[in-house]
Amino acid sequence: MKMYGGNRMAILVSCRRFARLCVTAAAILLPSLAEAQTTLRFSSFEPPVAFITKDILTPWAEETSKASNGAFKIDMFPGGTLGRDPAAQLKLAQDGVVDFAWVVAGYTPGRFDDTTIVELPFLFNSVKEGSLVLTRLFAKGKLRGFDNIKLVGLFTTPTNEIHTTEPLLKPEDIKGRKFRGAGPNQLAMLTGIGAVPIGGIAGPAIAENMQRGMIDGTLNEWNAVASFRIAEVAKSHLRVPMGSVAFMVVMNKAKYDSLSGDAKAAIDKMSGEAFAQIFAAKLDARNEEVAKQIAADPKHKTVVPDAATLELWKTALANVEGDWLKGDPTRPALLAAFKAELEVIRSGK
């Protein structure tokens, strides 16, 4: 009996120790499991040091994570870690490979055609103007192509300007020059003013192609001029607003729908116009900072055209808007809505 009692006591002690071990193990493992369940993956095809990814998207992810009060954590995966092809980012988000993705609208031809409105020259003057107009048009249901995704942010680049290896000032100076164009609308615009359009050159390859004499110039915003080292080759710069490009941050809709109400509220709070304001303030400032740095460099010549010269460019580019309007019967109404919203924004509302 004593032996039996001793065995029973030993068994009880062992059970208690095992229970304590289970509790300890659970205390260690459960937070890790919870964290794994609430970690959201944000993909950017840009390198981690690129301005937009480093100074805009990454801080946004951190602030949005904080706003969730522990409901989730957004981890950045830059440099194509989860998919290198810039044109595949939307599909990665739709397929659930990633939860958030940084997407160039034009890389999905035919889907976000309404956003090509921002590619028109002389339409708006800043990232803030372009991004807020697009965001408000989307909120009013005036932009097509956004079905089955959760749109988190809609933006534009700064307006593209003219960067060349040799100086030019007036539209006739561009005739016969080989210019890199970023897409069909930009290539058509170059054709319309007499340039020789060259497509298929990605941003990182622009400087090399200029160095080799394959192109004489390119249409880019200043942040790209710095990021892609274009300024090492292009020493002449003409500040004529040659249109922009639409960007967006999208989220997998099923993932968003699966989140708690508090988690959704945190994402919504940091999305839409709030995100557009953050994005625009940082990128507009960066754009002008680079422009001023290059203008102060004696090796470069930056020209701000006078009013008369700008009118010459407007006249030369007048056909661009007309050709764009002919592309879809809904475009005249969209352009009118864009301009009306722009006036509201410029009035400070």
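Only a predicted model underlies this, so the values are computations on that prediction, with no experimental measurement involved. (Residues numbered from 1 in each chain as written. Predicted model: local features only at pLDDT ≥ 70, side-chain atom pairs only at ≥ 80, totals over all residues. Heavy atoms only, no water.)

**Student:** Quick question: what am I supposed to make of the sheet that holds strand β1 (residues 39–43) here?
**Tutor:** Pairing between the strands of a sheet comes from backbone hydrogen bonds, and it takes one of two forms, parallel or antiparallel. Ordered in space as β2-β1-β3-β10-β4, the five strands form an open sheet in which the pairing is mixed. In the strand order of this sheet, the two ends are held by β2 (73–77) and β4 (150–156), each with one partner. Strand-to-strand, the axes of this sheet are offset by a mean angle of 20°, without reference to chain direction. Pairing of strand β3 (residues 100–104) with strand β10 (residues 246–251), which is carried by five bridges, proceeds in the antiparallel orientation. Within β10, the residue paired with Ala-101 across the bridge is Val-250. Seen against the sheet, helix α10 (residues 273–295) touches β3, β4 and β10 and runs at an angle of roughly 30° to β4. (Pairing = 2+ DSSP bridges. Helix = DSSP H or I, 4+ residues; strand = E, 2+ residues; numbered from the N terminus. Axes fitted to C-alpha atoms, helices over the stretch in contact; angles between N-to-C directions. Contact = heavy atoms within 4.5 Å.)

**Student:** Hey, could you run me through the pairing of β10 in this one?
**Tutor:** Moving residue by residue along a regular strand, the side chains alternate between the two faces of the sheet. The buried fraction of β10 is high, at six of six residues. The alternating pattern of β10 places Ala-246, Met-248 and Val-250 on one face and Phe-247, Val-249 and Met-251 on the opposite face, and all of these are buried. (Buried < 20%, exposed > 50% of the residue type's maximum accessible area, 1.4 Å probe, protein only.)

**Student:** Help me understand the sheet that holds strand β5 (residues 161–164) in this model?
**Tutor:** On the basis of which strands lie adjacent, the open sheet formed by six strands has the order β7-β6-β8-β5-β9-β11 and mixed pairing. Only two strands of the sheet have a single partner each, and these edge strands are β7 (196–198) and β11 (301–303). Ignoring which end each strand starts from, the neighbouring axes of this sheet average 25° apart. Both strand β9 (residues 236–238) and β11 contribute to a ladder of three bridges, which runs parallel. By the bridge assignment, Leu-238 is partnered in β11 with Val-303. Here helix α5 (residues 184–192) sits on the sheet in contact with β6 (178–180), β7 and β8 (217–220), set at roughly 160° to β7.

**Student:** How should I be thinking about the environment of Asp-216 in this particular structure?
**Tutor:** With respect to the element layout, Asp-216 can be found in the loop between α6 (206–211) and β8. Taking C-alpha positions, Asp-216 is 9.5 Å from Ile-174, a pair spaced 42 residues apart along the chain. The residues touching Asp-216, leaving out its near neighbours within four places in the chain, are His-163, Thr-164, Thr-165, Arg-177, Lys-178 and Met-210.

**Student:** Help me out: how do you make sense of the nonpolar core in this one?
**Tutor:** Nonpolar side chains in soluble globular proteins tend to end up buried together. With 48 residues, the main nonpolar core has Ile-117, Ile-162, Met-248, Val-250, Trp-313 and Phe-338 as its most contacted residues. Among the elements that make up this core, the one with the highest residue count is helix α13 (residues 331–346) (six residues). If sequence neighbours within four positions are ignored, Met-248 has contacts with Ala-101, Trp-102, Val-103, Ala-105, Phe-112, Phe-146, Leu-151, Gly-153, Leu-154 and Phe-155. Listed in part, the 30 residues of the second largest apolar core include Leu-57, Trp-60, Ile-74 and Ala-263. (Core = buried A, V, L, I, M, F, W, Y, C linked by side-chain atoms within 4.5 Å.)

**Student:** Please clarify how unusual backbone geometry should be interpreted in this entry.
**Tutor:** Residues apart from glycine generally show negative phi values, whereas peptide bonds are mostly found in trans. The backbone of Phe-122 sits at a positive phi, close to 60°, despite the residue not being glycine. Judged by its relative accessible area of 24%, Phe-122 is partly exposed. Although it is not a glycine, Arg-229 adopts a positive phi angle of roughly 60°. Relative to the assigned elements, Arg-229 resides in the loop between α7 (222–227) and β9. Judged by relative accessible area, which is 52%, Arg-229 ranks as exposed.

**Student:** Would you mind going over the confidence of the model for the protein chain with me for this structure?
**Tutor:** Detailed reading of the predicted coordinates is not advisable wherever pLDDT falls low. Per-chain confidence: the protein chain averages 89 in pLDDT, with 89% of residues scoring 70 or above. Contacts for the low-pLDDT stretch residues 21–37, under 50 throughout, to residues beyond four places or in other chains number three contacts. (pLDDT = per-residue confidence, 0-100.)

**Student:** Where do I start with the packing of helix α4 (residues 127–139) against α10 in this structure?
**Tutor:** The angle between the axes and the distance between the axes are what describe a pair of packed helices. Contact pair α4 / α10: the axes reach a minimum separation of 8 Å and the direction vectors enclose 165°. As judged from the angle between their axes, α4 and α10 are roughly antiparallel. As α4 packs across α10, the resulting crossing turns out to be right-handed. Facing Val-127, Lys-128, Ser-131, Leu-132, Thr-135 and Arg-136 of α4, the residues of α10 in contact are Glu-273, Ala-276, Gln-277, Phe-279, Ala-280, Leu-283 and Asp-284. (Parallel < 35°, antiparallel > 145°, perpendicular 65-115°, else oblique. Left-handed = near helix turned anticlockwise from the far one by under 90°.)

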